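# Residue-level structure breakdown
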Amino acid sequence: MCIGSDEWWNESSDNLRAIIENAPRKMWVGRPDGTAKFYNREWRRYTGDIETTPDHGWRDLVHPTDLHRLRRIAAPAIAAGQRYDVEMRLKRQRDGAYRWHRASVAPVEREGRLIAWVGAAADIDDRRRAEIALRESEGNFRLLANVIPQLAWMRDMRDGTVWYNDQWSEFTGLPGDEIVRSGWRATVHPDQIDELNRIIDDAHGRREPWEFTCRLRSRDGDYLWFLIRAVPILEDGAVAVRRWFATATDIHRQYELQERQKLLTKEVSHRVKNSLSLVASILDVKARSSRNEIIRDVLLDARSRVQTIADVHDHLWKQEDARVADLGEFLRDLCRKLGDSAPHHSIAFEGFRHIVPAEQAISIGLVVNELVTNALKYAYPADQGGPIRVILGKGDEGHITIEVADEGVGLPEDFDLSRPGQSLGMKLIARTTKQLKADASVARLEKGTRFAIQVPKTS
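The protein chain carries the name histidine kinase in an unreviewed UniProt entry, which gives Edaphosphingomonas fennica as its organism.

Spanning 38 residues, helix H8 (residues 252-289) covers 56 Å between terminal C-alpha atoms, matching the ideal 56 Å at 1.5 Å per step. What H8 keeps buried is the set His 252, Lys 262, Ser 269, Lys 273, Leu 276, Ser 277, Ala 280, Leu 283, Asp 284 and Ala 287.

Let us look at the side chain of Arg 89. Along the chain, Arg 89 turns up in strand E3 (residues 84-91). Within polar-contact distance, the side chain of Arg 89 engages the side chain of Asp 66 at 2.8 Å.

One ladder, built from six bridges, connects strand E16 (residues 439-444) with strand E17 (residues 449-456); its direction is antiparallel. Across the sheet, Val 442 pairs through a bridge with Phe 451, a residue of E17. Connecting E16 to the next strand, E17, in antiparallel fashion are four residues, including Gly 448 with a positive phi near 105°.

Quick look at the packing of helix H10 (residues 327-340) against helix H11 (residues 358-379) now. Remark: H10 packs on H11, axes separated minimally by 11 Å, with the N-to-C direction vectors making an angle of 30°. As H10 runs across H11, the sense of the crossing is right-handed. Contacts from Leu 327, Phe 330, Leu 331, Leu 334 and Leu 338 of H10 reach H11 at Ala 361, Ile 364, Gly 365, Val 368, Asn 369 and Val 372. Each residue belonging to the contact of H10 with H11 can be placed in one class, and the counts come to nine nonpolar, two polar and no charged.

What counts and what doesn't
- Residues numbered from 1 in each chain as written.
- Predicted model: local features only at pLDDT ≥ 70, side-chain atom pairs only at ≥ 80, totals over all residues.
- Heavy atoms only, no water.
- Helix = DSSP H or I, 4+ residues; strand = E, 2+ residues; numbered from the N terminus.
- Expected span 1.5 Å × (residues − 1).
- Buried < 20%, exposed > 50% of the residue type's maximum accessible area, 1.4 Å probe, protein only.
- Polar contact = N/O pair within 3.5 Å; in protein donor to acceptor, adjacent residues only side chain to side chain.
- Pairing = 2+ DSSP bridges.
- Axes fitted to C-alpha atoms, helices over the stretch in contact; angles between N-to-C directions.
- Left-handed = near helix turned anticlockwise from the far one by under 90°.
- Contact = heavy atoms within 4.5 Å.
- Nonpolar A, V, L, I, M, F, W, Y, C, P; charged D, E, K, R; others polar.

Take a look at the structure:
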C-alpha cells in the first residue's frame, strides 16, 4: 500500500469507521499529507455537515488568534510524523460561538509507513473559562493583598506553596524567595514559637480560624508586636481546607500603650492599698485605745470597711490587669481574712471564677463584708460561734447571685430590709446595692437567716 492511498479506508475498515463515527467526542481521520478524509457524527453535529467537503480543512474552524500557535505546533509534528497536542478554540456552527478544545492528533503507521492521521478533540471550554476566572480572581486578590497595610500570606494545602505579599519583604528586608524558603514562623520571637505552633496545630486539626499576639523580627532586628489572624478557605461543597489565609497587623504602639496603662493602674492600686491599710491601722489603734465601748465598736467597724477596700486593691495590683478582678477568688480571700479575725466561727466560701470590673468587685466586697460582719455580731450568742456560708452563684443569664447564710437565732420580728433604720451597716448595704443596681432579699430559715443579692452582669 503506497503512501497517500485510501485503500485502507475501504470495506475492510467498516468496523473501524463505525467505531470512530459513534465515538462520544469529536474525531476525524486525515490522509498522510494532513488533509481531512472523514469527520465523525459528533464533529459534524458541532461544526455542521462538513463531510460533504472533507478537504475543507478543520483548521478553518479554529479561532484566528489560535491559528498561528496551531500551525507552529502542528507543522513540525506532521513533517516528523509525530503526535501533537494543542489547546484551541473551535467555532460552533449553530451560533458562531468559539469554545475551547484540547485536540490530540496521532499518526497511524503500518509496516513502518505513515498511512493516516487520527485526531480527537475534547470540549474543555467550561474548565478553561473557570481557570481563567480563577486566575483573574487570584490576580485581583493578590493586587488587593499587596495594597493593604498588613502583612499577608496564603498557603495552598494541595501543593504546599506559600505566597507572601510585598509588605513581608518591606518588613523583614528579605527578598520574596528567601521568605518562602525560611517561612514566616522564622520571624517569630523564640519565646513564643512553641505556643504558636500548638495553637496552629490545634486550629488546623479542627479546621477553624485562629489568632495569636506575638513579636515578629523586623529588618532592623527589633521584635515588634503583631496580631496574627488566620482563616481556612474550604473546598467547594467539602470540608477539606483548600488554603489558609492569614494577616499580621502591627499593634506595637497600642501594645506598649496598654502595657504602660496596666503598669500605671497597678502602681495606683498598690499605693491606694497601702494608704487604705495605713488608715485601717490607725483606726485599729484608736479603737483599742478607746475606753468608750460604743466609740470602739464604731472605729472597729470603720477599720473593717476600710480594710475590705484595701484588700480589693491588694488583689488588683498583683494580677495581670488591675482594671478587672476575679470575684470568686477575691471573695474567697475576704472570707478567709474575716475568718482569721473570728476564730469561734466557721466561714466557708463556695463559688466559681467570674471576672468583673474592679469597681463592681469593690462594691460587692463591701456588701459581703457587712453581711458577714453582721452575722458574726448578731447571729449567735456572744459566747458562742457557728457556721457562716458565702455562696457565689451564676444566677440567670443576666445576673450573678451572692448569698450569705447563717444558722443562728434569726432576725427580729420587726426587721424590714427596705427600712434599714439606724444601723450603719444596713444603711451601707442598702446604698451599695442600689449603686450596683442589684436586688436584695432576706429569708428567715428554719434555723438562721439567708441574705441574697442579685447583681447585673457587666462586661
